[in-house]
Amino acid sequence: MSAPGTTVAAPGESAARCGVAATARGGWWGFLGSTVNAVFGYALVALVTRGLGAYGAGAVFTGVAAFTILCNTCKLGADTGLVRFVPGDLATTGGREVGALLRCAVLPGAAASTAAAALLFLSPWTATSLLPNLAPDDAVTLVRLFAVFLPLATVTLILLGATQGYGTVIPFVGVEQIGKPVLRVLIAVPVVLLAPGVLSLAVAWLVPSLAGFLIAWYAVRRCRRTSPGPASGGATAAARRGFWAFAAPRAVSSVFDISAVWVGVVLLSCLATSEEAGIYTAVGRVVIAATLLQLAIRLAVAPEISRLLAVGDFPQACHLYRVSTRWIVLFSWPLLVLLTSFPGTVLSLFGPEFEQGATALVVLCVAAAVNVGVGNAQTVLLMAGKSSWHLAVTGVAFAVQLTVGLLAVPHFGVLGAALSWGAATVVENLISAALVRRHPGFTVVDRGYLLATVTGLCLTVALVLPARLLAGDTAIGLAVAITTGFSVFGISLWRFRTPLGVHELVGVLRERAT
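All values reported here derive from a predicted model rather than from experimental measurement.

**Brief notes about the overall build of the chain**
Across its full length, the chain holds 21 helices and zero strands. Out of the 514 residues in the chain, the part that is buried amounts to 53%. In the chain, the share of contacts with a sequence separation of at least 24, taken over all contacts with a separation of at least 6, comes to 84%. About 20800 Å² of surface is accessible on the chain, with carbon and sulfur atoms providing 70% of the total.

Quick look at the structure:
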């Protein structure tokens, strides 16, 4: 029974508000986690680079890059498969097949990651090829350290995909975005002070993976106890085929996705110097931090869109896509404008040698603005079951990145790596947006989007540009730009809060406070 004086929404309106509220709530958690991840990731990069210099940091982060790519390869797309199939099963059968889906997802991922770890142990030439500037014994030991933790990290990602399928982002945020980054910094601080070294800092980065696995396993058990659903046997052959028909293309495209982030580090390590690899790592960390809201919204919106599409509620899925994109554009573009205007000042926080990555940061910020502008179009493709389309898109983008990287990195170093990643980002997002538009209603450009563009981009540029021209790329100029820009930005948010959808985002916090 509704409270006196309240208005009972129509079923379609209620479903829309439910989906938007769930996305907003998950987005707030994701934003918190992404912020902590960015801050502590930034702190870790600063610790490692100041403890080892750009050369030693490049060796550590080359190992991190290879490890991350292997983790995302060995999970075989099963985590995204669970995000796609678990919400649909919960909505249509009450969760009857969740247990079978978990077994279908976890066992192949565990086997693949264990095999990859064994291969790394038995092929020391891989380590010396990946880290040619490091002493051979140290290179082999470093790679074997990462191999030990590979199965744990891979299974953790799959289990966290299952918890997202249950509609909660808290376990993923707690493990991947808060727990691991915070623990890494807490461990790295005494290591840098007492025994700085490539191997010791690699251990500091890896050890939190064990805690992450235990928490993810417990979170899945808790989700299943909370929403147990009817008992089921094993998955049918048709169910397994359906799951892997979706997951198999995603397995390959996830490799392309994560490789896009890290392949520049590997190319710089092999074709340039470890110092440039360290600088590029810092540049990439800043750009990822600037798009953290998009990552946060993606975590929350994926299971909601999957659930809505599973029950055939296409209008509400379209509405959720438009509103979430509006939020992303509104809050991400101002940060990208600031980074583009003051790249040297931002990078100087890592150390004076990192300022030479300023041009690379500008290139990646421009590409990130395109990424932000289309919202989570790739997530819509995946949750609509179009994993083969997504594979084609990411394959084309990766081919562009690798081609540009091989041509540009030997000549331009860090800038060449940024040009390759930026070109791939633009290609991938424009194609994804075009494919999403083929689904009726899945468009982002409406009155709210245009208003978000004016508020988040045009207004910010008009306020930041004078500070940049008058004070230059300095800390004073950045401080003035932040003060003036965000003051006017905040006023605009309040004035146009309804068409921008901000009242829906803030309303979730008010509901939780009452």
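**Some details on a nonpolar patch on the surface**
Nonpolar side chains collect at one region of the surface, where Trp 29, Leu 32 and Ile 170 lie side by side and expose about 250 Å² of accessible area between them. Within the secondary structure, Trp 29 sits in helix 1 (residues 11–74). A relative accessible area of 32% means that Trp 29 is categorised as partly exposed.

**Thoughts on the environment of Val 182**
Relative to the elements of secondary structure, Val 182 occurs in helix 6 (residues 170–194). Those residues within four positions of Val 182 in sequence are excluded, and the remaining contacts are Val 36 and Phe 40.

**A short note on the packing of helix 5 (residues 136–165) against helix 8 (residues 208–226)**
It is at 9 Å that the axes of helix 5 and helix 8 come closest, and there the two elements cross at 30°. Classed by the angle they form, the pair helix 5 and helix 8 counts as roughly parallel. As helix 5 runs across helix 8, the sense of the crossing is left-handed. Across the interface between the two elements, Phe 149, Leu 152, Val 155, Thr 156, Leu 159, Leu 160, Ala 162 and Thr 163 of helix 5 pack against Ser 209, Leu 210, Gly 212, Phe 213, Ala 216, Trp 217, Ala 219, Val 220 and Cys 223 of helix 8. For the contact of helix 5 with helix 8, the per-class residue count stands at 13 nonpolar, four polar and no charged.

**Let's talk about the packing of aromatic side chains**
For the coordinates displayed, the defined rule picks out eight aromatic pairs. The interplanar angle of 80° and the centroid separation of 5.9 Å between the aromatic rings of Phe 85 and Phe 246 together place this pair among those described as edge-to-face. One end of the pair, Phe 85, is in helix 2 (residues 78–93); the other, Phe 246, is in helix 9 (residues 237–271), and 161 residues separate them in sequence. Taking relative accessible area as the criterion, Phe 85 reaches 25% and is therefore assigned partly exposed. Residue classification places Phe 246 among the buried positions, given a relative accessible area of 4%. A connected cluster of aromatic rings, assembled from ring pairs, spans Phe 85, Phe 243, Trp 244 and Phe 246. Over the ring of Phe 85 we find Arg 84; its NZ or CZ atom is 5.6 Å from the centre of that ring. Here the basic side chain of Lys 386 rests over the ring of Trp 389, its NZ or CZ set 4.8 Å away from the ring centre.

**Quick notes on the nonpolar core**
Membership of the largest hydrophobic core comes to 108 residues, with the highest contact counts inside it found for Phe 67, Phe 146, Phe 350 and Phe 442. Core analysis: the next-biggest nonpolar cluster, separate from the first, contains 26 residues, Ala 78, Ala 162, Val 169 and Phe 172 among them.

**What about the side chain of Asn 371?**
Among the secondary structure elements, Asn 371 is positioned in helix 14 (residues 358–373). The exposure class assigned to Asn 371 is buried, which follows from its relative accessible area of 15%. Every residue in contact with Asn 371, bar those within four places of it in the chain, is listed here: Gln 294, Thr 425 and Asn 429.

**Observations concerning the layout of surface pockets**
Approximately 510 Å³ is the volume found for the largest pocket. What lines the largest pocket is a set of 19 residues, and nearest its centre among them are Val 286, Ala 289, Ala 290, Leu 335 and Leu 339. Elements represented by at least two residues in the lining of the largest pocket include exactly helix 1, helix 10 (274–290), helix 11 (292–310), helix 12 (314–341) and helix 19 (475–495). Counted by class, the lining of the largest pocket contains 17 nonpolar, two polar and no charged residues.

**With respect to the environment of Arg 468**
Locating Arg 468 in the fold gives a position in helix 18 (residues 447–471). Along the backbone, Arg 468 and Val 480 are twelve residues apart, and their C-alpha atoms lie at a distance of 9.0 Å. When residues no more than four places from it in sequence are discounted, the contact partners of Arg 468 are Ser 341, Phe 342 and Asp 473. One polar contact links the side chain of Arg 468 to the main-chain carbonyl oxygen of Ser 341, over a distance of 2.5 Å.

**Remarks on the confidence of the model for the chain**
Overall, the predicted model of the chain reaches an average pLDDT of 81, with 87% of residues at or above 70. Segment residues 1–16: pLDDT under 50, and six contacts once partners within four positions in sequence are set aside and those in other chains are kept. Taken as a whole, residues 507–514 scores under 50 in pLDDT and shows eight contacts with residues more than four places along the chain or in a different chain.

**A few points about the pattern of salt bridges**
Counting across every chain of the model gives four salt bridges. In this structure, Asp 79 engages Lys 75 in a salt bridge whose closest nitrogen and oxygen atoms are separated by 3.0 Å. The burial state of Asp 79 is the same as that of Lys 75; both residues are buried. Between Asp 257 and Arg 250 there is a salt bridge; the shortest N-O distance is 2.8 Å. Residue classification places Asp 257 among the partly exposed positions, given a relative accessible area of 23%.

**Things to note about the packing of helix 6 against helix 7 (residues 198–206)**
Each pair of packed helices gets described by two things: the angle between the helix axes and the distance between those axes. The geometry of helix 6 relative to helix 7 is characterised by a closest axis approach of 8 Å and an angle of 160° between their N-to-C directions. With respect to helix 7, the element helix 6 is oriented roughly antiparallel. Where helix 6 crosses over helix 7, the two elements pack in a sense that is right-handed. In this structure, helix 6 uses Arg 184, Ile 187, Ala 188, Val 191 and Val 192 to contact helix 7, whose residues at the interface are Ser 200, Leu 201, Ala 204 and Trp 205. For the contact of helix 6 with helix 7, the per-class residue count stands at seven nonpolar, one polar and one charged.

**Some remarks on the side chain of Lys 75**
Looking at where Lys 75 falls in the secondary structure, it is placed in the loop between helix 1 and helix 2. For Lys 75, a relative accessible area of 3% puts it in the buried group. Aside from chain neighbours lying at most four places away, what touches Lys 75 is Thr 154, Leu 157, Ile 158 and Ser 254.

**Focus: the environment of Thr 226**
Looking at the element boundaries, Thr 226 is found in helix 8. Overall, the relative accessible area of 59% leaves Thr 226 in the exposed class. The spacing of Thr 226 and Tyr 166 is 60 residues in sequence and 9.9 Å in space, taken between C-alpha atoms.

Parameters and conventions
Residues numbered from 1 in each chain as written. Predicted model: local features only at pLDDT ≥ 70, side-chain atom pairs only at ≥ 80, totals over all residues. Heavy atoms only, no water. Helix = DSSP H or I, 4+ residues; strand = E, 2+ residues; numbered from the N terminus. Buried < 20%, exposed > 50% of the residue type's maximum accessible area, 1.4 Å probe, protein only. Contact = heavy atoms within 4.5 Å. Areas by Shrake-Rupley, 256 points an atom, 1.4 Å probe, with all protein chains shown as cover. Patch = residues over 30% accessible without salt bridge, like charges linked within 9 Å, V, L, I, M, F, W, Y side chains within 5 Å. Salt bridge = Lys/Arg side-chain N within 4 Å of Asp/Glu carboxyl O. Axes fitted to C-alpha atoms, helices over the stretch in contact; angles between N-to-C directions. Parallel < 35°, antiparallel > 145°, perpendicular 65-115°, else oblique. Left-handed = near helix turned anticlockwise from the far one by under 90°. Nonpolar A, V, L, I, M, F, W, Y, C, P; charged D, E, K, R; others polar. Phe/Tyr/Trp six-rings, centres within 6.5 Å; stacked < 30°, edge-to-face > 60°. Lys NZ or Arg CZ within 6 Å of the ring centre and 35° of its normal. Core = buried A, V, L, I, M, F, W, Y, C linked by side-chain atoms within 4.5 Å. 1 Å grid on protein atoms, 1.4 Å probe; cavity = no way out; pocket = protein on both sides within 12 Å on 5 of 7 lines; lining within 4 Å. Points joined across faces, edges and corners; volume = space filled by probe spheres on them. Polar contact = N/O pair within 3.5 Å; in protein donor to acceptor, adjacent residues only side chain to side chain. pLDDT = per-residue confidence, 0-100.

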